[in-house]
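Given next are the chains, with one letter for each unit.
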Amino acid sequence: MANASIIEVKNLTKTFNKFTAVDDISFDVKKGEIFGLLGPNGAGKSTILRMLSTLARPTKGTATIGGYDIVKADTEVRTLIGIVSEKMIMYNRLTAKENLWFFGSLFNIPKDVLTKRVDELLELVQLTQWKNAQVGTFSTGMRQRMNVVRALLNMPQVLFLDEPTLGLDPQSSVEIREFIRKLNRENGATVVITTHMMVDADLLCDRIAIIDHGKIVALDTSANLKKMISGADTTIIKLDIPNLSSVLVEKLRALKCADAVTQENSTSLKILVHGDEAFDSVIDAIRVNGGKISSMENLQPSLEDVFLHITGHQVRDSADQKIPMAHRHFGEAPRRVR
Amino acid sequence: MRHMGAKTLLSHSFRIAWKDLTELFRNRLGLVLLIVMPLFMMVMVGFIYPSNGTVNNLQVGLVNDDSGFNNLNASQSFIMGLQAINNQTHMLILSNVSSVADIRDMVQRGDLEGGIVIPSNFSASMMAGQQGTLIIVSDESNPQISATIQGVLKTVFDGMGTAIAQQKVAPLNATNTLAVVKPFNVQTQGIVSGTPSYFDFIAPGIMAMTVMMSVMTGLPVAISQEKEVGTMDGMMVAPINRLSIILGKTLGQTARGLIQGIIILILAVGLFGVAIQGSILLVFALLLLGVFSFVGLGIVITSFTKDQETAQMLMMTLMFPMMFLSGVFFPIQQMPWYMQDISKILPLTYASDALRKVMVLGAGIPQISTDLIVLVVFGVVMIAIAVPVFRRMMTR
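Residues numbered from 1 in each chain as written. Chains lettered and ligands numbered in written order. Predicted model: local features only at pLDDT ≥ 70, side-chain atom pairs only at ≥ 80, totals over all residues. Heavy atoms only, no water.

1. Some thoughts on the overall build of chain B
Spelled out, the test is: Numbering goes from the N terminus for both helices and strands, where a helix is a DSSP run of H or I of at least four residues and a strand is a run of E of at least two. Only protein chains enter the accessibility calculation, which uses a 1.4 Å probe. A residue is then buried if its area is under 20% of the maximum for its type, exposed if over 50%, and partly exposed in between. Any two residues whose heavy atoms approach within 4.5 Å are treated as being in contact. In this description, accessible areas are obtained by the Shrake-Rupley approach with a 1.4 Å probe, and a residue is regarded as covered only by the protein chains that are shown. Charge counting follows a simple rule: Lys and Arg are positive, Asp and Glu are negative, and His as well as the terminal groups are ignored. For the purpose of locating charges, the reference atoms are NZ of Lys, CZ of Arg, CG of Asp and CD of Glu.
Regarding its fold elements, chain B presents 16 helices and 4 strands. For the C-alpha atoms alone, the extent of chain B along its principal axes is close to 100 × 50 × 40 Å. In chain B, which comprises 396 residues, the proportion classed as buried is 44%. Of all intrachain contacts in chain B linking residues separated by at least 6 positions in sequence, the fraction that spans at least 24 positions is 76%. If you sum the accessible surface of chain B, you get close to 20,200 Å²; carbon and sulfur atoms cover 63% of it. Charge-centre separation for chain B: the mean point of 22 positive side chains lies 18 Å from the mean point of 20 negative side chains.

2. Observations concerning the interface of chain A and chain B
Using the following cut-off: Note on definitions: buried area is the accessible-area loss of two parts on being combined, 1.4 Å probe, summed for both. For this analysis, a salt bridge means a side-chain nitrogen from Lys or Arg found within 4 Å of a carboxyl oxygen belonging to Asp or Glu. Within 3.5 Å is the distance limit for a polar contact, defined as a pair of N or O atoms, with the added protein rule that one can donate a hydrogen and the other accept it, and that residues adjacent in sequence qualify only through two side-chain atoms. Nonpolar residues are Ala, Val, Leu, Ile, Met, Phe, Trp, Tyr, Cys and Pro. Charged residues are Asp, Glu, Lys and Arg, and all others, Gly as well, are polar.
Taken together, the contact between chain A and chain B spans 32 residues of the former and 31 residues of the latter. Overall, the association of chain A and chain B removes approximately 2,900 Å² of surface from exposure, summing both partners, and the carbon and sulfur fraction of that is 57%. Its largest share of buried area at the contact with chain B, chain A owes to Tyr91, Arg93 and Leu106 of chain A, together 22% of the area lost on that side. Arginine 50 of chain A is paired through a salt bridge with aspartate 233 of chain B; the nearest N and O atoms lie 2.9 Å apart. The interface formed by chain A and chain B contains 9 residue pairs in polar contact (both at pLDDT 80 or more). Mapped onto the side of chain A that touches chain B, the elements with two or more residues apiece are helix H2 (74-80) and helix H3 (96-105) of chain A. Classifying every residue of the side of chain A that touches chain B gives 14 nonpolar, 8 polar and 10 charged.

3. Some words on the domain arrangement of chain A
Residues and elements named next belong to chain A. So the rule is basically this: Each domain's extent is set by a domain assignment, obtained either automatically or from a database.
For chain A, the domain assignment lists domain 1 (5-220) and domain 2 (226-319). Put simply, the middle of domain 1 and the middle of domain 2, counted by C-alpha atoms, are 37 Å apart. Of the roughly 1,000 Å² buried at the junction of domain 1 and domain 2 (both faces included), carbon and sulfur atoms supply 74%. One can count 1 salt bridge joining domain 1 with domain 2. Between lysine 226 and aspartate 202 there is a salt bridge, with its nearest N and O atoms 3.1 Å apart. Between the two partners, domain 1 and domain 2, sit 1 residue pair in polar contact (both at pLDDT 80 or more). Listing elements by their share of the side of domain 1 that touches domain 2, those giving two or more residues are helix H7 (198-204), strand S9 (207-212) and strand S10 (215-220). Broken down by element, the side of domain 1 that touches domain 2 gets its largest block of residues, 4 residues, from S9. Among the residues forming the side of domain 1 that touches domain 2, the class breakdown is 9 nonpolar, 4 polar and 2 charged.

4. Let's talk about unusual backbone geometry
Residues and elements named next belong to chain A. Of note in this structure, threonine 54 is not a glycine but carries a positive phi near 65°. In this fold, threonine 54 is placed in the loop between helix H1 (45-52) and strand S4 (60-65). Residue class for threonine 54 comes out buried when judged on its relative accessible area of 10%. The backbone phi angle of asparagine 108 is positive, close to 55°, even though this residue is not glycine. Tracing the sequence through the fold places asparagine 108 in the loop between H3 and helix H4 (111-124).

5. Re the pairing of strand S2 (residues 19-30) of chain A
All names here are of chain A. The criterion, for reference: Each pair of strands is called paired provided DSSP finds at least two bridges between the two strands.
Here 8 bridges tie strand S1 (residues 5-16) to S2, and the two strands are oriented antiparallel to one another. Opposite threonine 15, over in S2, you have threonine 20 as the bridge partner. Once S1 ends, the chain turns through 2 residues before running back antiparallel as S2, passing asparagine 17 with a positive phi of about 55°.

6. Quick notes on helix H9 (residues 246-253) of chain A
Residue and element names in this part refer to chain A. The criterion, for reference: Note that the arc is defined by the directions from the helix axis to the C-beta atoms.
All buried positions along H9 are accounted for by Leu248, Val249 and Leu252. Taken around the axis of H9, the buried residues stretch over an arc of 100°, which confines them to a single face. Exposed side chains of H9 directed beyond 90 degrees from the buried face belong to Ser246 and Val247. Residues of H9 that are buried in the fold lie against strand S12 (258-263), strand S13 (268-274) and helix H10 (278-288).

7. Overview of the sheet that holds strand S3 (residues 114-118) of chain B
All names here are of chain B. Selection criterion: The angle between two axes is taken between their N-to-C directions and runs from 0 to 180 degrees, where each axis is a line fitted to C-alpha atoms and a helix contributes only its stretch in contact.
Across the sheet, 4 strands lie side by side as S2-S1-S3-S4; this open sheet has mixed pairing. Looking at strand neighbours, the two that pair on one side only are strand S2 (92-96) and strand S4 (135-138), the edges of this open sheet. Neighbouring strand axes in the sheet, compared pairwise and without regard to direction, differ in orientation by 25° on average. Sheet strands in contact with helix H3 (residues 74-89) are strand S1 (58-64), S2 and S3, and its direction is about 150° off that of S2. The sheet strands contacting helix H6 (residues 143-169) are S1, S2, S3 and S4, and the helix crosses S4 at an angle near 165°.

8. Some details on helix H12 (residues 280-304) of chain B
Residues and elements named next belong to chain B. How we decide: Expected helix span is taken as 1.5 Å per residue step, with the number of steps being one fewer than the number of residues. Bend at a residue means the angle formed by two fitted axes: the first through the 7 residues ending at that position, the second through the 7 residues beginning there.
When the terminal C-alpha atoms of H12 are compared, their 37 Å separation across 25 residues agrees well with the 36 Å that a helix rising 1.5 Å per residue should span. At phenylalanine 294, H12 shows its strongest bend, of approximately 35°. The opening residue of H12 is serine 279, an N-cap whose side-chain oxygen sits 3.2 Å from the backbone nitrogen of leucine 281.

What follows is the structure in structure tokens.
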């Protein structure tokens, strides 16, 4: 069973009016794997997830989850899946326990089983002592944990996570990542996760699909993706140039051997180059244009570099524009945890 | 979805309604407003709306231009008579003004609300056996008050004229001089005992409106809010029939509307002395029927509103014409014919009409059968339209 596919996506397409958000994509997700959809916001990741979780209807194409068609057998699909949305799915005026009870009761779980499961889940995320407090009084970290366990009420075989660490502090992000890994390992749940955070994708996912403009531009393990650019021909050079100027950056961009040039700050550059003569050409170009090199490094490629290499632009370009909506209401208000 | 029974659908609906009501009862400010809003509406509309019985102390200027006739001054006795009547009724505060121009000036400044002018030939005309003319000066910027003043003064003048006529016919040796002067004695009698106030008129209308608005506008707001916050997704990924979401929300909103309706009823009876002539059970049945007739419309609106802001705006847009065109505050008969035609297509018109007939006139089901039929038909037609529209919206 290890290699059996639990999700099969064929030519999935979603258009909104004239805009194509998801453009004819196909992929399989194997049972028990953690599968990442990586890409900038607006790339179509969330739309893919919404279609797979039956919340949106595909314009064209199909997908099956556990053999059930996401359109024709949506009710069956819903019993198999859980979704952790970027928005927190919970009612602030209900207590932690009431929230879980409410959502659980929509799944036709027998009452005694549900009672036990709610207690177990609250224990799992260490919220037992606050089970009778309204979730509106919870901290962001507590709310995010609630948001995750809510999706586990029906013991889903497939768990969809949409930007699960968005807007979280580094420590909460670590906690959530640990939790996802634990779920995957101990319950054998297949996890599909969307993120624009390279770290999430790199640390968590068995395989990563890089999405840009509604299309899958690459799909492989993190290590294999990195090999794409650290092969014999391609290298990343990090340069510190104290008297870096925009003219110089433009000259470097114009170089034939440079695939991409990104400026990290006022004095440092990252250049993705190819070819045997690459180092020489770069150094020559800098010296001819009066630049001084204070340090030069040959970098190990990161997923970010992979993305840059494939798409020609950075993930961050568009990612930074997103405002974390989830914390708008109760996010930073003073806590009254009872 | 297809193989799930009505029992599961209902059970899911009740869970959703329970959840909505729990949220409602935990929102203390919201609860207070739930009671305060109808109270405000009753108090404001009930006390502000003018009626002849309650008008008093109107500032009226009096110009006496009468030049008399042979040392006889008919205007003096007229003014004395007017003051004598006014001392009993206190409807007017009379002040002497020198000319019509002064009245105009004082009305413009807001010191007067109208005026009475006795022309210079008043005595002369009366002595010559002709009618004595009296002129009422009205403030056109305030038609309501000017109509009231005109009504009040005409009543007063009419009474004084009758008294004078009675004196004149006295020599005829009639046994009843009043019968000679005024052959008809007009009396008004309601079909139920007691004198109904304006509250009796508006309380049923406000009740009908509040309950129906709760589904027509509360439903879109409640659902669009869940969509915006994201909690709707939590229900949508559960293997439940989409109809149980809308049914549950409707139940929740109906309960909220009924609570408000009952509060209005208690306020109307307890604070404003409104008497319920008909069956209280019929009153509640009518409120529920009103909800039913509006559910479909509410669902259609819900399907077309994407966010809470739009829902709120739509609510205001729909609420105002409904409020004023359905005879809740003002009688439909007062409106021009084209407005009356519009009001005839609004279900609220029929609900408030039926409720008023039951509460004020003690009507039973046979008397309000037309209203009932209209409400049922409207409800059925709207639901038939709404369900497919809603299903399509939910599976975009």
